[in-house]
Amino acid sequence: MFFIAVAWLLFEYAQHIDWGDVLDSLKHLPGPALAMAVGLAIASHLLYATFDLIGRHYTGHTLKTGIVMAVTFVSYTFNLCIGSLVGGVGFRYRLYSRLGLKTGVITRIVSMSMLTNWLGYKLLAGVLFITHPLALPPAWHMGNHGLEWLGAALVTISLTYIVACWRMGDHTWDWRGHELYLPPWRIAILQMAISCANWMLMAGIIYVLLQRQIDYTDVLTVLLVGAIAGVVLHVPAGLGVFEAVFIALLGHRISEGQLLAALLGYRAVYYIGPLAIAALMYLVMEVRARRLKKRAHIAPAA
């Protein structure tokens, strides 16, 4: 059933694509640009795969680095394609539990990974919304000043987190049965650094596929705006939030065919290609779960 769902997802992607327009645009895409986009996608996925290593440092579990990165890659890929509840959370619980980790440990790993991702987003988006705000469509009911105020709030949250980790880091509080943990300030800075780098790599893929016709900072800003677009944008039927944001904000600066071709190329190298690889990896990990469980630990767990 899982692989049938993957095949259906790929089919759904394909049937809504204007292949004629896309192929015409892709014919004019230089080979080096496509190769660079693939390289950036690989770098981004590898970087994100290290996020759960911070969770390993936090929880002290003994799974090997390669196993942790493999689980993170599979989970992240399905998170991109089918949502965080199934991908980012469900796959981690499934795979880590098969590898012998307890539910409480997995919960802390998941929470730390999600925190890492959005810490970098808040800092990067905050700085860009303040220093490089884009003119938003009237239907968004938020002008440039709204983005600047949002950016200031995001930067404030990020700085507050760093200060809290500096003053009270590496400490755990129990609040109504829940564990609240602040990492050491060096780990907090590392979280923000690798997350910011990951968002920047993602924007770099679209930038090179657009053949540098749009400023990189504009592409990065639109990518980050797309992350909050579901809250402020009514997306036309048949368009994804991501594509709708780019068309709304950049469609007047570049032809729609080129823009959609670049975005679909981005989906191909960042979503669909890794999805095929992750599906195969997941199958192998399920089939070899017992063998992997024996080999996955650096030392016997306490």
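Just above sits the structure.
Thresholds, definitions, all that
- Residues numbered from 1 in each chain as written.
- Predicted model: local features only at pLDDT ≥ 70, side-chain atom pairs only at ≥ 80, totals over all residues.
- Heavy atoms only, no water.
- Axes fitted to C-alpha atoms, helices over the stretch in contact; angles between N-to-C directions.
- Helix = DSSP H or I, 4+ residues; strand = E, 2+ residues; numbered from the N terminus.
- Parallel < 35°, antiparallel > 145°, perpendicular 65-115°, else oblique.
- Left-handed = near helix turned anticlockwise from the far one by under 90°.
- Contact = heavy atoms within 4.5 Å.
- Nonpolar A, V, L, I, M, F, W, Y, C, P; charged D, E, K, R; others polar.
- Salt bridge = Lys/Arg side-chain N within 4 Å of Asp/Glu carboxyl O.
- Buried < 20%, exposed > 50% of the residue type's maximum accessible area, 1.4 Å probe, protein only.
- 1 Å grid on protein atoms, 1.4 Å probe; cavity = no way out; pocket = protein on both sides within 12 Å on 5 of 7 lines; lining within 4 Å.
- Points joined across faces, edges and corners; volume = space filled by probe spheres on them.
- Phe/Tyr/Trp six-rings, centres within 6.5 Å; stacked < 30°, edge-to-face > 60°.
- Lys NZ or Arg CZ within 6 Å of the ring centre and 35° of its normal.

1. Observations regarding the packing of helix α7 (residues 103-131) against helix α9 (residues 185-209)
The description of two helices packed together rests on the angle between their axes and the distance between the axes.
Right, on to step 1. In contact at an axis separation of 7 Å, α7 and α9 are set at 70° when each is read in the N-to-C sense. Taken together, the axis directions place α7 and α9 in an arrangement best described as roughly perpendicular. For the element pair α7 and α9, the recorded crossing hand is right-handed. When α7 is examined against α9, the residues Met112, Leu115, Thr116, Asn117, Trp118, Leu119, Gly120, Tyr121, Leu123 and Leu124 are found in contact with a partner set consisting of Gln191, Met192, Ile194, Ser195, Cys196, Trp199 and Met200.
Right, on to step 2. When grouped by side-chain class, the residues that make up the contact of α7 with α9 number 12 nonpolar, five polar and no charged.

2. Observations regarding the pattern of salt bridges
Right, on to step 1. This structure, assessed with the given rule, holds four salt bridges.
Right, on to step 2. Among the ionic pairs, Glu286 bridges to Arg98, the shortest N-O distance being 3.2 Å. A residue pair is termed long-range when its members are at least 10 positions apart, and Glu286 in helix α12 (residues 256-287) and Arg98 in helix α6 (residues 85-98) qualify at 188 residues.
Right, on to step 3. Residue Arg98 is classed as partly exposed on the basis of its relative accessible area, which comes to 34%.
Right, on to step 4. When the shortest N-O distance is used, the salt bridge between Arg253 and Asp218 registers 2.9 Å. Of the two residues, Arg253 sits in the loop between α11 (241-250) and α12 while Asp218 sits in helix α10 (residues 216-232), which places them 35 residues apart along the sequence.
Right, on to step 5. Judged by relative accessible area, which is 4%, Asp218 ranks as buried.

3. A few points about the layout of surface pockets
Right, on to step 1. The computed volume of the largest pocket comes to approximately 780 Å³.
Right, on to step 2. If you trace the largest pocket, you find 27 residues lining it, with Asn79, Leu80, Trp118, Trp199 and Tyr271 closest to the centre.
Right, on to step 3. Counting only elements with at least two residues in the lining of the largest pocket, the list comes to α5 (65-82), α6, α7, α9, α10, α11 and α12.
Right, on to step 4. Tallying contributions element by element places α5 first for the lining of the largest pocket, with five residues.
Right, on to step 5. Partitioned by chemical class, the residues of the lining of the largest pocket number 17 nonpolar, eight polar and two charged.

4. A look at the packing of aromatic side chains
Right, on to step 1. Per the counting criterion, the structure on display carries 13 aromatic pairs.
Right, on to step 2. With a centroid separation of 6.3 Å and 80° between ring planes, the pair formed by Tyr76 and Tyr270 is classed as edge-to-face. Of the two residues, Tyr76 sits in helix α5 while Tyr270 sits in helix α12, which places them 194 residues apart along the sequence.
Right, on to step 3. Of the residues examined, Tyr270 reaches a relative accessible area of 0% and is grouped as buried.
Right, on to step 4. A centroid spacing of 5.4 Å and a plane angle of 10° characterise the contact between Tyr266 and Tyr270, whose relative ring orientation is stacked. Residue Tyr266 and its partner Tyr270 are located together in helix α12, separated by four residues, close to a single helical turn.
Right, on to step 5. Exposure remark for Tyr266: the relative accessible area of 0% places this residue in the buried category.
Right, on to step 6. Among the aromatic residues, ring-to-ring pairing joins Tyr48, Phe51, Tyr76, Tyr266, Tyr270 and Tyr271 into one connected group.
Right, on to step 7. Seen from the ring of Trp166, Arg167 lies directly overhead, with NZ or CZ sitting 5.9 Å from the centre.

5. Observations regarding the environment of His145
Right, on to step 1. Within the element layout of this structure, His145 appears in helix α8 (residues 144-168).
Right, on to step 2. The exposure class assigned to His145 is exposed, which follows from its relative accessible area of 60%.
Right, on to step 3. His145 sits 16 residues away from Phe129 along the chain, and the two C-alpha atoms are 9.2 Å apart.

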